[in-house]
Amino acid sequence: MTADNIMNEESNNEENNELENSTIGDNSPEEENQVSEESQSQVDASEEGENPEPETTGNDSEVSFSEGDKVTGTVFKVEDKYVRTHIDGTDFEGIIPISQVTNKRIEHPNEVVAEDDSIEAVVIKVEDENERHNLILSIRKLEEDQSYDTLIAAKENDETLEGTVMEVVQAGLVVDVGVRGFIPASLLSDEYVEDLEQFAGQTLEVKVEDIDKDKNRVILNRKRIIESQKEEGRKDQLKKLEPGTTVEGEVVRTTSFGAFINLGSIDGLAHISELSYERVEKVEDAVSIGDKVDVKILDVDVENERVSLSIKQAQESPFELFINEHNEGETLEGTVKRLVDFGAFVEVAPGVEGLVHVSEISHDHVAQPSDVLDEGEKIQVKILSLNAEAGKVSLSIKETTDPGERSSGPSKVYRDETDDDRPTLGDVFGDKFKNLDL
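Within every chain, residues take consecutive numbers counted from 1 along the sequence as written. Only residues with pLDDT of 70 or above have their local features reported here, since the model is predicted, and side-chain atom pairs are shown and tallied only from 80 upward, although totals for entire chains, interfaces and linings are computed over all residues. Where side-chain values are given, they derive from all heavy atoms of the structure, hydrogens and water being excluded.

- An unreviewed UniProt entry lists the protein chain under the name Small subunit ribosomal protein S1, from Salinicoccus halitifaciens.
- Per UniProt, the protein chain has the following entry under Sequence similarities (unreviewed entry): "Belongs to the bacterial ribosomal protein bS1 family."
- The heading Function (unreviewed entry) in the UniProt record of the protein chain holds the text "Binds mRNA; thus facilitating recognition of the initiation point. It is needed to translate mRNA with a short Shine-Dalgarno (SD) purine-rich sequence." UniProt positions are given in the numbering used here, feature names are shortened, and annotations may be inferred rather than shown by experiment.

Now the structure itself:
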């Protein structure tokens, strides 16, 4: 057999082979038959005495091969477009075209095999005319058959495999898992991946999503592995989170009812009421996406993967700061925040409100706090008591004024100007309710 004839045949089909090797579902049965026919013509064109002949065993009459048989042999010649081997224990010679050496793109067979290498291959054609005992072999097909067995078992058992990215195409990645598999871009990650080129040449963990040996189609999935890893990470972190502890997180999403804060593998929710000690009307007024914040863990629901957080409780409360800086009997300025039937809530520091009971608003009798005070009004108040345990401050307005400085005007206070000498409720009870803590 002449090397020139074989090389010429391979050269004529090189462009077609390259196209076959670049597709996802190459090496179909029809294509394998085409390769076998090409190799058959190469054997027919051989010239006796051109190449060294293998040693004979004298038992060839008892040896026969069929397509699909698995054989072992020893490489005795490596050329540009083919590899020749002695079939162990026989006078048969095996010829392996370059396209059947491996499923990878190679320029020369010596990238994969060398002389004296022991190889395993499968018979794809038998040439036995004129007593020339030659077999057309494929290492590639044997390896692919073995790989398909492994892939089918991996799919059935939901096992994880490793594969090397061979090509990056617009729709996804071509991956070597013994055969050419494909990861669609939608199954690459649980997040959108804009740059697929970053995966070129990488070894990735994948699962078999779909497999069809007859069509040489293998669809792989990396997304499920990432989702599973994140799920395990969430469970592990949930078990480690302890209510009452303070950790750092990042605000990743805001809603009308609170902010979601990422703690690493899981997001927790800080309700709008837990964002600040000051009144928060809109979540965006208190936090912004991307903010790094310290949060206190309020509750952990492992089963439902929910974590309740508080930003304000991770900080020293304004009330604690206030009672450390102020004392009972001290007079300071405040702002009327809310008026209720029993008194007025006055802000004396950011996030700290004290109650001025209705009996402590004026030396005169006050029927309704709104008769005397307006929301937003700046006033002087005196600290009557500081209740650290309850977190309450009792205030007085009238204690900041001289009893002789009585309020004037019928619209502000109630005065009894009738001639009726009967006692009023104010006369009976006086200031008995002034220290009432509501």
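**Remarks on the nonpolar core**
Phase 1: With 21 residues, the main nonpolar core has Phe322, Val346, Val348, Ile361, Val381 and Leu395 as its most contacted residues.
Phase 2: Elements that contribute at least two residues to this core include exactly α6 (318–325), β16 (331–340), β17 (343–349), β18 (352–357), β19 (378–387) and β20 (392–396).
Phase 3: Numbered from the N terminus, helices here are DSSP runs of H or I no shorter than four residues, and strands are runs of E no shorter than two. Considering every element that reaches this core, the biggest residue donor is β17, with 4 residues. Here, nonpolar core means buried Ala, Val, Leu, Ile, Met, Phe, Trp, Tyr and Cys residues that are tied together by side-chain atoms lying within 4.5 Å of each other. Residue exposure (1.4 Å probe, protein chains only): buried if accessible area is under 20% of the type maximum, exposed if over 50%, otherwise partly exposed.

**Quick notes on the sheet that holds strand β1 (residues 70–78)**
Phase 1: The sheet built from 5 strands closes into a barrel, its strands ordered β1-β2-β3-β5-β4 with mixed pairing. Across the sheet, the mean angle separating the axes of adjacent strands is 50° when strand polarity is ignored.
Phase 2: Both β1 and strand β4 (residues 118–127) contribute to a ladder of 5 bridges, which runs antiparallel. Of the residues in β4, the one forming a bridge with Thr74 is Ser118.
Phase 3: Set on the sheet, helix α3 (residues 139–156) makes contact with β1, β3 (93–97), β4 and β5 (134–138); between it and β4 the angle comes to about 110°. Only when DSSP finds a minimum of two bridges between them are two strands counted as paired. Axes, fitted as lines to C-alpha atoms, cover a helix only where it is in contact. Angles between the N-to-C directions of the axes lie from 0 to 180 degrees. The contact criterion used throughout is that any non-hydrogen atoms of two residues lie within 4.5 Å.

**Concerning α3**
Phase 1: Helix span is expected to be 1.5 Å times the residue number reduced by one. Taking 1.5 Å per residue, 18 residues should reach 26 Å; α3 reaches 26 Å between its end C-alpha atoms and fits that length.
Phase 2: Looking at α3, one finds that the buried residues are Ile139, Arg140, Leu142, Glu144, Ser147, Tyr148, Leu151 and Ala154.
Phase 3: Here a polar contact is taken to be a pair of N or O atoms separated by no more than 3.5 Å, where protein atoms must pair a possible hydrogen donor with a possible acceptor and residues adjacent in sequence count only if both atoms sit in side chains. Where α3 begins, one side-chain oxygen reaches toward the backbone nitrogen of Arg140, 3.4 Å away; that side chain belongs to Ser138.
Phase 4: Looking one or two residues past α3, Asp158 carries a phi angle of roughly 55°, positive in sign.

**Here's the deal with the pairing of strand β9 (residues 203–212)**
Phase 1: The pairing of strand β6 (residues 161–169) with β9 spans 4 bridges and is antiparallel. By the bridge assignment, Thr164 is partnered in β9 with Thr203.
Phase 2: In terms of strand pairing, β9 meets strand β10 (residues 217–221) through 5 bridges, oriented antiparallel. For Lys207, the partnering residue across the bridge sits in β10 and is Asn221.

**Some thoughts on unusual backbone geometry**
Phase 1: For Asp158, which is not a glycine, the phi torsion comes out positive at approximately 55°.
Phase 2: Its place among the elements puts Asp158 in the loop between α3 and β6.
Phase 3: When its relative accessible area of 41% is taken as the criterion, Asp158 is described as partly exposed.
Phase 4: For Glu305, which is not glycine, the phi torsion reads 55° and is therefore positive.
Phase 5: When you line up the elements, Glu305 lands in the loop between β14 (292–301) and β15 (306–310).
Phase 6: On the basis of relative accessibility, which here comes to 23%, the residue Glu305 falls in the partly exposed class.

**Observations regarding the sheet that holds β20**
Phase 1: Reading around the circumference, β16-β17-β18-β20-β19 is the order of the 5 strands in this closed barrel, with mixed pairing throughout. Pairwise comparison of adjacent strand axes, ignoring direction, gives a mean angle of 50° for this sheet.
Phase 2: Sheet topology places β16 next to β17; 5 bridges connect them, and they run antiparallel. Within β17, the position partnered with Leu339 by the bridge is Ala344.
Phase 3: Contacting β16, β17, β18, β19 and β20, α6 crosses the sheet at an angle of about 90° to β19.

**So, the pairing of β6**
Phase 1: Across 5 bridges, β6 lies against strand β7 (residues 172–176) in antiparallel orientation. Residue pairing for β7: Val165 is matched across the bridge by Val175.
Phase 2: Adjacent in sequence and paired antiparallel, β6 and β7 are bridged by 2 residues.

**Describing the confidence of the model for the protein chain**
Phase 1: Per-residue confidence from the prediction method is given by pLDDT, with values spanning 0 to 100. Per-residue confidence for the protein chain gives a mean pLDDT of 80; residues scoring 70 or more make up 76%.
Phase 2: In this model, residues 1–59 is a region of pLDDT below 50 whose contacts with residues beyond four sequence positions or in other chains number 103 contacts.

**Some remarks on the packing of aromatic side chains**
Phase 1: The criterion for an aromatic pair is that two Phe, Tyr or Trp rings (for Trp, the six-membered ring) have centres within 6.5 Å, with stacked assigned to planes under 30 degrees apart, edge-to-face to planes over 60 apart and tilted to the rest. A full pass over the atoms with the stated rule returns 3 aromatic pairs.
Phase 2: On the basis of an interplanar angle of 85° and a centroid distance of 6.4 Å, the ring pair of Phe257 and Phe260 is categorised as edge-to-face.
Phase 3: Looking at Phe257, the relative accessible area reads 39%, which means it is partly exposed.
Phase 4: For the ring pair Phe342 and Phe345, a centre distance of 6.3 Å and an interplane angle of 85° mean the geometry is edge-to-face.
Phase 5: A relative accessible area of 31% means that Phe342 is categorised as partly exposed.
Phase 6: Criterion for a charge above a ring: Lys NZ or Arg CZ within 6 Å of the ring centre, and within 35 degrees of the ring normal. Here the basic side chain of Arg253 rests over the ring of Phe260, its NZ or CZ set 4.1 Å away from the ring centre.
Phase 7: Over the face of the ring belonging to Phe345 we find Arg338, whose NZ or CZ atom lies 4.3 Å from the ring centre.

**Remarks on the pattern of salt bridges**
Phase 1: Criterion for a salt bridge: a side-chain nitrogen of Lys or Arg within 4 Å of a carboxyl oxygen of Asp or Glu. Evaluated as defined, the whole model comprises 20 salt bridges.
Phase 2: Taking the shortest distance from any N to any O, the salt bridge between Lys125 and Glu67 comes out at 3.9 Å. A residue pair is termed long-range when its members are at least 10 positions apart, and Lys125 in strand β4 and Glu67 in the loop between α2 (29–44) and β1 qualify at 58 residues.
Phase 3: Arg217 is paired through a salt bridge with Asp210; the nearest N and O atoms lie 3.2 Å apart.
Phase 4: Taking relative accessible area as the criterion, Arg217 reaches 35% and is therefore assigned partly exposed.
Phase 5: Salt bridges linked by common partners bring Asp158, Lys207, Glu209 and Arg224 together as one network.

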